[in-house]
Amino acid sequence: MAFEGLSERLQGAMTKIGRKGKITEADLKEMMREVRLALLEADVNFKVVKEFVKKVNERALGSDVLESLSPTQQVVKIVNEELTELMGGQQEPFQFSPKPPTVVMMVGLQGAGKTTTAGKLASFMKKKENKRPLLVAADVYRPAAINQLQTIGKQLDFPVYSLGTEANPVDIAKQAVEQAILDGRDLVIIDTAGRLHVDEVLMTELKNIKAAVNPTEILFTVDAMTGQDAVNVAQSFNEQLGITGVILTKLDGDTRGGAALSIRSVIGKPIKFTGQGEKLEDFEPFYPDRMASRILG
Ligand code: GDP
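The structure presented is a predicted model; accordingly, all values stated were derived computationally and were not measured.

Participant: I'd like to hear about the overall build of the protein, residue by residue, with values.
Facilitator: Along the protein, the regular secondary structure elements total 11 helices and eight strands. Counting only C-alpha atoms, the protein reaches 70 × 35 × 30 Å along its principal axes. Looking at the protein as a whole, 53% of its 297 residues qualify as buried. Once local pairs closer than 6 in sequence are excluded, the contacts in the protein between residues at least 24 apart make up 78%. For the protein, the exposed surface amounts to about 13800 Å²; the carbon and sulfur share of it is 48%. Within the protein, the 39 negative side-chain charges are centred at a point lying 2 Å from the centre of the 37 positive side-chain charges.

Participant: Got a sec to walk through the site of the ligand? Specific residues and values, please.
Facilitator: With respect to spatial proximity, 17 residues lie near the ligand, and among them Gly111, Thr115, Thr116, Asp252 and Glu278 are the closest. Contact distances for the ligand include 2.6 Å between an oxygen atom and a side-chain N or O atom of Glu278. Burial of the ligand by the protein amounts to 81% of the accessible area it has alone, namely 580 Å². In terms of residue count, helix α5 (residues 114-129) provides more of the shell around the ligand than any other element does, four residues in total. Each residue belonging to the shell around the ligand can be placed in one class, and the counts come to two nonpolar, nine polar and six charged.

Participant: Describe the sheet that holds strand β6 (residues 245-249), naming the residues involved and giving the relevant values.
Facilitator: Pairing is mixed in the open sheet, where eight strands are placed in the order β3-β2-β4-β1-β5-β6-β7-β8. Among the strands making up the open sheet, the edge pair consists of β3 (160-161) and β8 (283-285). Relative to strand β7 (residues 271-275), β6 runs parallel, the two sharing three bridges. Across the sheet, Ile247 pairs through a bridge with Phe273, a residue of β7. Where α5 meets the sheet, it contacts β1 (102-107), β2 (133-138), β4 (187-192), β5 (217-223), β6, β7 and β8, and its direction lies at approximately 170 degrees from that of β4. Each of β1 and β5 is contacted by helix α9 (residues 228-241), which is oriented at about 160 degrees to β5, the strand it contacts most.

Participant: Break down the UniProt feature "domain: AAA+ ATPase" (unreviewed entry) in the protein for me, with residues and values.
Facilitator: Mapped onto the present numbering, the UniProt feature "domain: AAA+ ATPase" (unreviewed entry) falls at residues 100-278. Overall, residues 100-278 shows 46% helix and 21% strand. The separation of its end C-alpha atoms is 30 Å.

Participant: Quick one: what's the story with the side chain of Asp43, residue by residue and with numbers?
Facilitator: Topologically, Asp43 is positioned in the loop between α2 (25-41) and α3 (46-62). A polar contact is formed between the side chain of Asp43 and the side chain of Arg256, at a distance of 3.4 Å. Residues contacting Asp43, with those up to four places away along its chain left out, are Gly227, Gln228, Arg256, Gly258 and Ser262.

Participant: Residues and numbers for the pairing of β5, please.
Facilitator: Counting buried positions along β5 gives seven out of seven residues, so the element sits mostly inside the fold. Going residue by residue along β5, you find Glu217, Leu219, Thr221 and Asp223 tucked away on one face and Ile218, Phe220 and Val222 tucked away on the opposite face as well. With four bridges connecting them, β1 and β5 associate as parallel partners. Of the residues in β5, the one forming a bridge with Met105 is Ile218.

Rules behind the numbers
- Residues numbered from 1 in each chain as written.
- Predicted model: local features only at pLDDT ≥ 70, side-chain atom pairs only at ≥ 80, totals over all residues.
- Heavy atoms only, no water.
- Helix = DSSP H or I, 4+ residues; strand = E, 2+ residues; numbered from the N terminus.
- Buried < 20%, exposed > 50% of the residue type's maximum accessible area, 1.4 Å probe, protein only.
- Contact = heavy atoms within 4.5 Å.
- Areas by Shrake-Rupley, 256 points an atom, 1.4 Å probe, with all protein chains shown as cover.
- Lys, Arg positive; Asp, Glu negative; His and termini not counted.
- Charge placed at Lys NZ, Arg CZ, Asp CG, Glu CD.
- Near = heavy atom within 4 Å.
- Polar contact = N/O pair within 3.5 Å; in protein donor to acceptor, adjacent residues only side chain to side chain.
- Nonpolar A, V, L, I, M, F, W, Y, C, P; charged D, E, K, R; others polar.
- Pairing = 2+ DSSP bridges.
- Axes fitted to C-alpha atoms, helices over the stretch in contact; angles between N-to-C directions.
- UniProt positions renumbered as here; feature names shortened; annotations may be inferred.

So this is what it looks like as structure tokens:
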């Protein structure tokens, strides 16, 4: 399960001194050393770790925590609150356009889970928001991606807009939005192409699609297992495209957690959803407080 190592180490750090009634400043220091190591080992960005430890320390030393009746619990509470804050504090809701259809661009590297997640998002929006999605196959470089999206569309009973592999992705996106208006579809989810690495041609194409369809959401989909690298890739996509949020996929795997914990504070964009499996219903909004509690056990 995701975060197992981090969870174990953080819980270990907390319980080590948890049996003590009173803790000293030295105990706190030792505990924070363990927390720091646990976070670094979980592949959390080192600057994020440094800042995090500093904040927890300041709060723990600045108040009467050490003098309180249950100092360890107080420190755990602070760690929990700061972890929540690190991941964005509040759940950031998906934004709808005041003028339908709401257009969403799914972006990210190949294999991150864009196509699968496009289907998951469509299914979620139908169930929770009563939306009528149109899926758009704009990844023309990988014919399998079009078939994959069509299979997902069939499974969920949503139309899939495709012009095959010969058309220009910008035209596909534009025409798909026009089609959605004609058909009364109020949510257009565009599955764009990915590459193995960030490259200029890909970014130019994505910028052109963005300019053509003016999306309300540009969701960067990223495999949580890629750790630190996920943050770097997110940063380049954000710099080039101005993403509106992140979807972390494959949280069902044994990810160390670094991406989930670093992305928000490094790039300043919220994680909006998580994917936790290959099934189309394995998808939910991301709640920083629930994730923090899950990590701390
Ligand atoms: P794309 O290249 O970004 O469109 O990625 P795909 O949607 O084709 O996904 C790549 C692989 O990851 C597929 O085998 C998916 O079934 C799998 N996948 C996607 N999301 C998840 C997830 O949340 N958990 C797991 N375990 N697998 C996933």
